[in-house]
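Structural overview
Here is what each chain is made of, one letter per residue.
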Amino acid sequence: YVVDKGNHRHFMEKEIYEQAEVVSHTLSHYIDFAEGRVKADAAQIDFAALDRLAMSACGTAYYAGLIGKYWFERVARLPVEIDVASEFRYREMPLPGRMAALFISQSGETADTLASLRYCRDSGLTIGTVVNVRGSTMARESDAVFPTLAGPEIGVASTKAFTCQLSVLAALALIAGRTRGTLSAEEEARSVQALVEVPRLFNEILTAIQPQIETLSRELSRFKDVLYLGRGTNFPLALEGALKLKEISYIHAEGYAAGELKHGPIALIDETMPVIVIAPHDRYYEKTVSNMQEVAARGGQIILITDEKGAAATTLDTMATIVLPVVNEIVAPILFALPVQLIAYHTAVFMGTDVDQPRNLAKSVTVE
Ligand code: G6P
């Protein structure tokens, strides 16, 4: 593997633009494109035999897991316990027999995630790991390895590993749904078709939104605080958006479940704190719109990330509205990760920070 920046200014930018290719590569490991079905034998875990799934990870990989939880619960009716690995390892959580554990890690070496994995293994659980580095410690110590084929990720802020993790988790949730009998053949075919279109949509979306996000990011770089809001799978994406922005631009950012707005962050709303709302026209859309109205009524400036249907359905004044195509619910978080990544990237570039190696952060945290 030759690792260079190619025509890009930073590894992070290159890795954002590589996503169509690496996600397509990753998906082909789990999906039979010709048959239009998931490869049930890619799962080496008998999901039908489980009452519960435990999940754990750190940082961006943890947010991928949080999105995965929504998928496993909705598609496969499989309850998921998830926690950041530094809490999971000390929680003394009961681990009943009909439970398996799933870990998510780009490096496969993160100390807390590895400790959580060993804790579950010592309790006799079957261990699966979604991991990017094949020969890593976590891969070696797992019963089932679910590779993300993202290639080497150099930028400290994870981008392509994240969307590959989401792709694997979506495919695993579909496999679990099939084996548990909770997913109809039509629903599986629809979801697979949606996943198949993801790589093409990546490139289309990047080309369409890039200039607008550059302009927006120049404005954002003047602010000191930013709030991200979302509901459902857009909530972990809001957390990821805030994490990315603070990591590389050093602008203070917080992610919140939109419904929690009135339980705290609304006190901070004024014209000095833009609110980035991730809201495709999904089952939560109307609820999120009422949260945006609460923000607007307090003089807050809204940046709305939505789809064509959502854009047509609102008359709210926004600082910017970023519009993506309408897509199946299961692939929405994978595609809506793009504007979130680009906003962080371009804002950091305007701030003049060291985008690929932000201060105080490490690519892989191998000490507790
Ligand atoms: C560090 C990196 C993040 C990453 C996290 C978990 O904080 O800066 O980008 O998400 O570790 O790393 P892992 O290798 O376990 O996915």
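Preceding this section is the structure that the text describes.
Conventions we followed
Residues numbered from 1 in each chain as written. Predicted model: local features only at pLDDT ≥ 70, side-chain atom pairs only at ≥ 80, totals over all residues. Pairing = 2+ DSSP bridges. Helix = DSSP H or I, 4+ residues; strand = E, 2+ residues; numbered from the N terminus. Axes fitted to C-alpha atoms, helices over the stretch in contact; angles between N-to-C directions. Contact = placed C-beta atoms within 7 Å. Near = placed C-beta within 6 Å. Nonpolar A, V, L, I, M, F, W, Y, C, P; charged D, E, K, R; others polar. Parallel < 35°, antiparallel > 145°, perpendicular 65-115°, else oblique. Buried ≥ 20, exposed ≤ 12 C-beta atoms within 10 Å, placed from the backbone.

**Observations concerning the sheet that holds strand β9 (residues 252–257)**
- Here 5 strands make up an open sheet; going across it, the order is β9-β8-β10-β11-β12 and the pairing parallel. The sheet is open, and its two edges are formed by β9 and β12 (320–324), each paired on a single side. Direction aside, the axes of adjacent strands within the sheet are offset by 15 degrees on average.
- Bridge analysis of strand β10 (residues 275–278) against strand β11 (residues 302–307) gives 4 bridges, and the strand direction is parallel. From the neighbouring strand, Ile276 faces β11, where its bridge partner is Ile303.
- Of the strands in this sheet, β10, β11 and β12 are in contact with helix α13 (residues 332–351), which crosses β12 at around 145 degrees.

**Focus on the site of the ligand**
- Contacts to the ligand come from 16 residues, most closely from Gly59, Thr60, Ser105, Ser107 and Thr110.
- Per-element tally for the shell around the ligand: the top contributor is helix α3 (residues 59–76), with 3 residues.
- Here the shell around the ligand is built from residues that sort into 6 nonpolar, 9 polar and 1 charged.

**So, the packing of helix α7 (residues 160–180) against α13**
- For the pair α7 and α13, the least separation of the axes is 9 Å and the interaxial angle reads 170 degrees. Relative to α13, the element α7 lies roughly antiparallel. Counted together, Phe162, Thr163, Leu166 and Ser167 of α7 and Pro333, Ile334 and Ala337 of α13 form the full contact between these two elements.
- Looking at the contact of α7 with α13 residue by residue, the class counts come to 5 nonpolar, 2 polar and no charged.

**Overview of unusual backbone geometry**
- The phi dihedral of Gln44 is positive, around 25 degrees, even though this residue is not glycine.
- Examined against the element boundaries, Gln44 turns out to sit in the loop between β2 (37–38) and β3 (52–57).
- For Gln44, a count of 12 C-beta atoms within 10 Å corresponds to the exposed category.
- Unusually for a residue other than glycine, Tyr250 sits at a positive phi of about 65 degrees.
- Mapping Tyr250 onto the fold places it in the loop between α10 (234–249) and β9.

Geometry only, nothing functional implied.
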